[in-house]
Amino acid sequence: MKDTDIKTLLYAHLVCIFSVILSTCVPSLFLENFSVLETHLTWLAICSSSVTVFNLVLYFVVKPSTPSKRSSLSHKVARFLKCCIYFLVSCLGYHVIFVLYGAPLIELVLETFLFAVILSTFTTVPCLCLLGPNIRAWLRVFSRNGATSIWENSLQITTLSSILGSWLGAFPIPLDWDRPWQVWPISCTLGATFGYVAGLATSPLWIYWNRKQLTYKNN
């Protein structure tokens, strides 16, 4: 593990953090009365799009994973379609989980689904960019000692921190504080966002701190 690899990871994560900040600040210049709380659904759609685009750009620029030997157009199209299906399944899966954990089944369906979309953006999109539509690779990375690179270690941290943040964000909802951010699913989406940003910020530092203990096996 080289320090230059960790620096590259850090810079990539800073760009991802910038994509979140960008989605929060820039739309107010073009959309009237835009705010994260008042126009929350609009912000969710913009933030999801921004983070996805920046992740894709970083993937093509940095290329942290080993490129596939098959580079035909048909293979690329099939891979892209698989990624789209994986993302959709992830959104639907999160949506079902949220309903099972108490989210409204019929009311606020759009709000719940966009919460699933933003959480999928923070967790599934990076997995698709780094590992592709490969369930075996996903299971390997998220198993014990399954990471084979610092990119996969950071993927573990950011994914878990995003999910943890969304879970912690649900705690203030039943409290009678009567705050606008307690409306479903604002506190959960904000928690997921803060968790994602925290994971991006801390994972390079954690990897650097533990670089002597981290050993990777080649695939």
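Source: prediction; values computed, not measured.

Reading the values: the criteria
Residues numbered from 1 in each chain as written. Predicted model: local features only at pLDDT ≥ 70, side-chain atom pairs only at ≥ 80, totals over all residues. Heavy atoms only, no water. Helix = DSSP H or I, 4+ residues; strand = E, 2+ residues; numbered from the N terminus. Contact = heavy atoms within 4.5 Å. Lys, Arg positive; Asp, Glu negative; His and termini not counted. Charge placed at Lys NZ, Arg CZ, Asp CG, Glu CD. 1 Å grid on protein atoms, 1.4 Å probe; cavity = no way out; pocket = protein on both sides within 12 Å on 5 of 7 lines; lining within 4 Å. Points joined across faces, edges and corners; volume = space filled by probe spheres on them. Nonpolar A, V, L, I, M, F, W, Y, C, P; charged D, E, K, R; others polar. Salt bridge = Lys/Arg side-chain N within 4 Å of Asp/Glu carboxyl O. Buried < 20%, exposed > 50% of the residue type's maximum accessible area, 1.4 Å probe, protein only. Core = buried A, V, L, I, M, F, W, Y, C linked by side-chain atoms within 4.5 Å.

Visitor: What am I meant to see in the overall build of the chain here?
Guide: Of the regular secondary structure elements, the chain holds seven helices and zero strands. Principal-axis analysis of the C-alpha atoms places the extent of the chain at approximately 50 × 40 × 40 Å. Residue pairs at least 24 apart in sequence account for 69% of intrachain contacts in the chain once pairs closer than 6 positions are excluded. Positive and negative side-chain charges of the chain, numbering 15 and 9 respectively, have mean locations separated by a distance of 27 Å.

Visitor: Quick question: what am I supposed to make of the layout of surface pockets here?
Guide: Over the atoms, a rolled probe matching the size of one water molecule traces out where space is still vacant. Estimates place the volume of the second largest pocket at around 400 Å³. Listed by contribution, the elements that provide at least two residues to the lining of the second largest pocket are α3 (73–100), α4 (109–131) and α6 (150–168). Here the lining of the second largest pocket is composed, by residue class, of 15 nonpolar, two polar and no charged.

Visitor: What's the story with the pattern of salt bridges in this structure? I'm lost.
Guide: Side chains that carry opposite charge are capable of pairing whenever their charged atoms lie near each other. Tallied over the full model, the rule gives one salt bridge. For Glu152, the salt bridge identified is with Arg140, shortest N-O distance 3.0 Å. Remark: Arg140 occurs in helix α5 (residues 135–141) and Glu152 occurs in helix α6; sequence separation between them is twelve residues. Since its relative accessible area comes to 25%, Arg140 is described here as partly exposed.

Visitor: Is there a simple way to think about the environment of Ala78 in this case?
Guide: Of note, Ala78 is situated in helix α3. The class of Ala78 is partly exposed, set by a relative accessible area of 36%. A sequence separation of 20 residues divides Ala78 from Leu58, and the C-alpha atoms of the two residues are 21 Å apart.

Visitor: Got a minute to help me understand the nonpolar core in this structure?
Guide: Inside soluble globular proteins, nonpolar side chains tend to come together where they are buried. Counting 42 residues, the largest nonpolar core has Trp43, Cys47, Phe98, Phe122, Leu131 and Tyr196 as the members making the most contacts within it. Looking at this core, the elements with two or more residues in it are α1 (3–25), α2 (40–62), α3, α4, α5, α6 and α7 (186–209). Residue contributions to this core peak at ten residues, all from α4. Ignoring anything within four residues of it in the chain, the contact list for Leu131 reads Arg79, Ala137, Trp138, Arg140, Val141, Glu152 and Leu155.

Visitor: Help me out: how do you make sense of empty space enclosed by the protein in this one?
Guide: Within this structure, the stated rule accounts for one cavity of 30 Å³ or more. Space inside the largest cavity adds up to approximately 260 Å³. If you go around the largest cavity, you meet 18 residues; those closest to its centre are His13, Cys16, Asn55, Pro126 and Trp151. Of all the secondary structure elements, the ones that give two or more residues to the lining of the largest cavity are α1, α2, α4, α6 and α7. The residue makeup of the lining of the largest cavity, split by class, is 14 nonpolar, four polar and no charged.

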